[in-house]
Amino acid sequence: MSLRITRRALIGAAATTISAAALAACSKPGSTSTPGSADGATLTIYNAQHETLAQEWMDGFTKATGIKVTHRQGDDTEMANQLVAEGANSPADVFLTENSPAMTLVENAGLLAATSEEIRGQVPSQYRPSTNAWTGIAARSTVFVYNTDKLKQADLPASLMDLAKPEWKGRWAASPSGADFQAIITAILQLKGEDETLSWLKAMKQNSTAIKGNSAVMKAVNAGEFEGGVIYHYYYFGDQAKGGQNSAKVGMHYFGHQDPGAFVSISGGGVLKSSKNQEAAQKFLAYVTGKDGQAVLRDGTSFEYPVASKVAANEKLKPLSELDAPTIDPATLNSPKVVELMQEAGLL
Ligand SMILES: [Fe+2]
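Just so we're clear, the structure is a prediction, and the values are computed from it rather than from any experiment.

### Side note on the overall build of the protein chain
A count of helices and strands for the protein chain gives 12 helices and 10 strands. Burial status across the protein chain gives 57% buried among its 348 residues. Sequence-distant contacts, at least 24 apart, represent 76% of the contacts inside the protein chain between residues at least 6 apart. Accessible surface, the protein chain as shown: approximately 15,000 Å² in total, 52% of it carbon and sulfur.

Structure follows, in structure tokens:
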């Protein structure tokens, strides 16, 4: 079941909690239990990851454990804010994000339980925060997509920071309202500091065109409306897999050199401290970060990178180990500050 978050859903959240508690009280332990679920409870996932990917994980988990899963769909900021507003009364057991800053927001509100040892054992330390309040579940790379008719290799920017130079005026696009792009800015902030980030954002306001959605950015680049755009890698591979209608004339430029533009963003999974289904919730994240859950990333249509259980990436992707991404502790990424700076620059 999927439910877009609406004002009504928000108001209904408290009622949902009550009915869930009533249901739990009615079920006799062992009477209708499913394997691995002491009271036959249904897990509630607040999902901000791409819905098709999350659905594959949820279906796989239910098949493997018998534990039922339901979810609510929204974007990173929307879901994180909702969790903070609901606090201990949230019906959510698990939160999945596209990018880690939203998870950090919820962590900083003190709402996350520590991840289990099983999960930590499966996920290398560079793909989870130093705090262990949540875990990485997938990774995505920043790329500069460019129109191959308009730009040659030699014309490509050496650094993401170069796109602030006057020579790039009117030539590139991005989706500043989206959580994906905002995560990239958290990396710039962490690596370059507040002053440099703000001047870059102000230059971006002058130089770039805002388009809603990463797919739309790539489509516009493909059509030659812009020479380039800043998005994540998987939008390209997803379109290629569907026949390449919006990416036939698109080239992929990975910045490398630990440039802010080589930022690899981590999708997160966390268990809510207030969850009445701690064991099943931890089990869900153990599944997602386990061999079967990570294989969904390798074999499915998300084209995101696996980060755990030694599962290799889809062979079409440039290997994660070759991206030369900057080293950043995701726990340090500060999305409220980025929103503030982007507002100051007139981008939001
Ligand atoms: Fe995305």
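Now that the structure is up, let's keep going.
### Remarks on unusual backbone geometry
Unusually for a residue other than glycine, His 257 sits at a positive phi of about 50°. Relative to the helices and strands, His 257 resides in the loop between strand 9 (250–253) and strand 10 (264–272). Of note in this structure, Phe 303 is not a glycine but carries a positive phi near 60°. Its relative accessible area of 5% is what places Phe 303 among the buried residues.

### What to know about the packing of aromatic side chains
For any two aromatic rings, the description comes down to two numbers: the centre-to-centre distance and the angle of the planes. Within this structure, the stated rule accounts for 9 aromatic pairs. Relative to Tyr 235, the ring of Tyr 234 lies with its centre 4.4 Å away and its plane at 35°, an arrangement referred to as tilted.

### A word on the pairing of strand 2 (residues 69–73)
Burial analysis of strand 2 places 5 of its 5 residues in the buried class, the great majority of the element. By the alternation rule, side chains of strand 2 split into Val 69, His 71 and Gln 73 and Thr 70 and Arg 72, which are all buried. Pairing geometry for strand 1 (residues 43–47) and strand 2, over 5 bridges, is parallel. Residue pairing in the sheet places Asn 47 in a bridge with Gln 73 of strand 2.

### Some words on the pattern of salt bridges
Overall, the coordinates contain 9 salt bridges when judged by the stated rule. Arg 171 is the salt-bridge partner of Glu 227, the closest N and O atoms lying 2.9 Å from each other. Of this pair, Glu 227 sits in the loop between helix 8 (214–222) and strand 8 (228–232) while Arg 171 sits in the loop between strand 5 (135–147) and strand 6 (172–174), and the two are 56 residues apart along the sequence. Two residues, Glu 194 and Lys 337, come together in a salt bridge whose shortest N-O distance is 3.3 Å. In this pair, Glu 194 is assigned in helix 7 (residues 194–207) and Lys 337 in helix 12 (residues 335–344), connecting sequence segments 143 residues apart. Each of Glu 98, Arg 140, Asp 180 and Glu 304 takes part in a single network of salt bridges with overlapping partners.

### Side note on the coordination of the iron ion
Protein coordination at the iron ion: the donors are His 50 (NE2), Glu 98 (OE), Asp 180 (OD), Tyr 234 (OH) and Tyr 235 (OH), at 2.0 to 2.4 Å from the metal. Read in sequence order, the donor residues for the iron ion give the motif H-x47-E-x81-D-x53-Y-Y. Taken together, the residues His 50 in the loop between strand 1 and helix 2 (51–65) and Glu 98 in the loop between strand 3 (94–96) and helix 4 (100–108) connect sequence positions 48 residues apart. Take His 50: its relative accessible area is 27%, and that puts it in the partly exposed class.

### Details of helix 11 (residues 291–299)
Given 3.6 residues per helical turn, the α-helix brings residues three or four places apart onto the same face. Taken together, the buried positions of helix 11 are Gly 293, Gln 294, Ala 295, Val 296 and Leu 297. Contact partners of the buried residues in helix 11: helix 2, strand 5 and helix 10 (278–288).

### A closer look at the packing of helix 8 against helix 9 (residues 234–241)
Contact geometry of helix 8 with helix 9 gives a least axis separation of 10 Å together with a crossing angle of 70°. Between helix 8 and helix 9, the angle falls in the class roughly perpendicular. Across the interface between the two elements, Asn 214, Ser 215 and Met 218 of helix 8 pack against Tyr 235, Tyr 236 and Asp 239 of helix 9.

### Looking at the packing of helix 6 (residues 179–192) against helix 12
Packing of helix 6 against helix 12 brings their axes to within 9 Å, and their N-to-C directions diverge by 100°. Of the possible angle classes, the one that applies to helix 6 and helix 12 is roughly perpendicular. On helix 12, the residues touching Phe 181, Gln 182, Ile 185, Thr 186 and Leu 189 of helix 6 are Ser 335, Lys 337, Val 338, Val 339, Leu 341 and Met 342. Partitioning the contact of helix 6 with helix 12 into residue classes produces 7 nonpolar, 3 polar and 1 charged.

Parameters at a glance
- Residues numbered from 1 in each chain as written.
- Predicted model: local features only at pLDDT ≥ 70, side-chain atom pairs only at ≥ 80, totals over all residues.
- Heavy atoms only, no water.
- Helix = DSSP H or I, 4+ residues; strand = E, 2+ residues; numbered from the N terminus.
- Buried < 20%, exposed > 50% of the residue type's maximum accessible area, 1.4 Å probe, protein only.
- Contact = heavy atoms within 4.5 Å.
- Areas by Shrake-Rupley, 256 points an atom, 1.4 Å probe, with all protein chains shown as cover.
- Phe/Tyr/Trp six-rings, centres within 6.5 Å; stacked < 30°, edge-to-face > 60°.
- Pairing = 2+ DSSP bridges.
- Salt bridge = Lys/Arg side-chain N within 4 Å of Asp/Glu carboxyl O.
- Donors = N, O, S within 2.8 Å, 3.2 Å for Na, K, Ca; no water.
- Axes fitted to C-alpha atoms, helices over the stretch in contact; angles between N-to-C directions.
- Parallel < 35°, antiparallel > 145°, perpendicular 65-115°, else oblique.
- Nonpolar A, V, L, I, M, F, W, Y, C, P; charged D, E, K, R; others polar.

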